[in-house]
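Topology and contacts: notes
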Amino acid sequence: MIPLSIPKIEGNESKYVLDCLTTGWISSAGSYVTQFEEMVAEYAGAKYGVACMNGTVGLHIAQILLGVTADVHVIAPNITFIATLNAIKYTGAQPILIDVDADNWQMDLDLLEKYLQENTELKTSNNGTFSFDKSTGKRVRAIMPVHVLGNIGDMKRLLAIAEQYHLDIIEDSTEALGSTYDGKHAGTFGKIGVFSFNGNKIISTGGGGVIVTDDEEIAKRAKHLTTQAKVSAMDYIHDEIGYNYRLVNVLAAIGVAQMETFPETLKAKKKMDAFYREHLNGVGDIQFQEIPEGADPNCWLFTFSTSRMRELLDYLNQNGVQSRPFWMPMNQLAMFKDDIYINKNDVSASVYENSISIPSSAGITKEQLETVVRTIKEFYSK
Ligand SMILES: Cc1ncc(COP(=O)(O)O)c(C=O)c1O
């Protein structure tokens, strides 16, 4: 079976892990953690990085850092991986789901703007000016764009909308390490960005995440909250409810090695993407995900649309090509079906029904790429 997306482990991973094991620095203290944080932040062009156990907890902490609580809304796209929405719901806040763009599958900014124009009002108090949803009376606290599949939407426009409506941005950039818009890295447009390093991501620590920010206070508090909110190095004194969300040194060691080879990994992903775009162009009724002007995606997971998605999915999986359907839209899941969903034609439903992801590992060989393309062509010729 040609796997969907597996990590490429070809650098100093074992050397650094062995170093942790032989020196005994396997837990959450250790120099690889700091090194990994610095490497990720520096690569992305952020001032600070705080490592955590995975992207999901990073997104959870990001909510807490911005003061997201049960009495506010957070805006998120309707097509995303469940963790985006879970992170909002952990705080008790209510998501506002926005349908996605039919071509690039990112949050539809026309719908976002329409929602904010028609359904919210600005109120000013001593604490500042904030947007409130007119139907629920709740403050709309933040927008959480998701760089779906490493692609990246019109960030310039999103920033302008956020500013106009006094909303902060938390970027779910879990899939987008290495993606840029107008030369600026995913994860650095908002107040906080979060990367994931789980097994299927562009690089992996097995499981892991890094929160990035330019705000020193946010970074300090992120570290504090992810390490049980302990205030004294010696005494067990804690000043708020904290979390044991810290990444351990062994995993950070893998991360350091993965970051060292990241430029080659990114090149390999782009090559894979270019191969598919060249050889699948015009095959059957395949439609590629559109790349917005200004975006330079990391090409994390190659995904396309076809009206015969379910048939193709079965065919590929039965013929040695591991393939996956896309995420079920959030509004279709029981936990979110009662949340506000802003849409015109429910584009999410058709993106979901038609989209399929195919093998995209950075280490995929030319022969494997050719096999995938040949198998897809075989399917359409039947
Ligand atoms: C869009 C999105 N958000 C959040 C996550 C959560 O990251 P993690 O698996 O590291 O918890 C992932 C990845 O799994 C993701 O793809």
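Notes on the structure in this doc start here. A quick note: this is a predicted structure, and the numbers were derived from the prediction, not measured. (Residues numbered from 1 in each chain as written. Predicted model: local features only at pLDDT ≥ 70, side-chain atom pairs only at ≥ 80, totals over all residues. Heavy atoms only, no water.)

1. Brief notes about the layout of surface pockets
The calculated volume of the largest pocket comes to roughly 520 Å³. If you go around the largest pocket, you meet 28 residues; those closest to its centre are Phe-81, Asn-200, Lys-201, Trp-300 and Trp-327. Counting residues per element, the ones that place at least two in the lining of the largest pocket are helix H3 (55-65), helix H4 (82-90) and strand S15 (324-325). The biggest single contributor to the lining of the largest pocket is H3, with three residues. Of the residues in the lining of the largest pocket, the class split is 11 nonpolar, 13 polar and four charged. Counting contributing residues per domain, the lining of the largest pocket is built from domain 1 (13-261) and domain 2 (263-381), each supplying no fewer than three. Here the second largest pocket is characterised by a volume of approximately 330 Å³. Together, 19 residues line the second largest pocket, and Asn-104, Met-107, Leu-109, Gly-153 and Asp-154 are the ones closest to its centre. (1 Å grid on protein atoms, 1.4 Å probe; cavity = no way out; pocket = protein on both sides within 12 Å on 5 of 7 lines; lining within 4 Å. Points joined across faces, edges and corners; volume = space filled by probe spheres on them. Helix = DSSP H or I, 4+ residues; strand = E, 2+ residues; numbered from the N terminus. Nonpolar A, V, L, I, M, F, W, Y, C, P; charged D, E, K, R; others polar. Domains from an automatic or database assignment.)

2. Overview of the pattern of salt bridges
Close approach of charged atoms allows side chains of opposite charge to pair. Under the defined criterion, the tally for this structure stands at 16 salt bridges. Across the pair Arg-221 and Glu-240 runs a salt bridge whose closest N-O atoms are separated by 2.6 Å. Taken together, the residues span a long stretch of sequence, with Arg-221 in helix H7 (residues 216-226) and Glu-240 in the loop between H7 and helix H8 (249-260) at a distance of 19 residues. Its relative accessible area of 30% is what places Glu-240 among the partly exposed residues. Here Lys-337 makes a salt bridge to Asp-338, at a shortest N to O gap of 3.7 Å. Neither residue differs from the other here; Lys-337 and Asp-338 are each classed as exposed. Each of Glu-37, Lys-223 and Arg-246 takes part in a single network of salt bridges with overlapping partners. (Salt bridge = Lys/Arg side-chain N within 4 Å of Asp/Glu carboxyl O. Buried < 20%, exposed > 50% of the residue type's maximum accessible area, 1.4 Å probe, protein only.)

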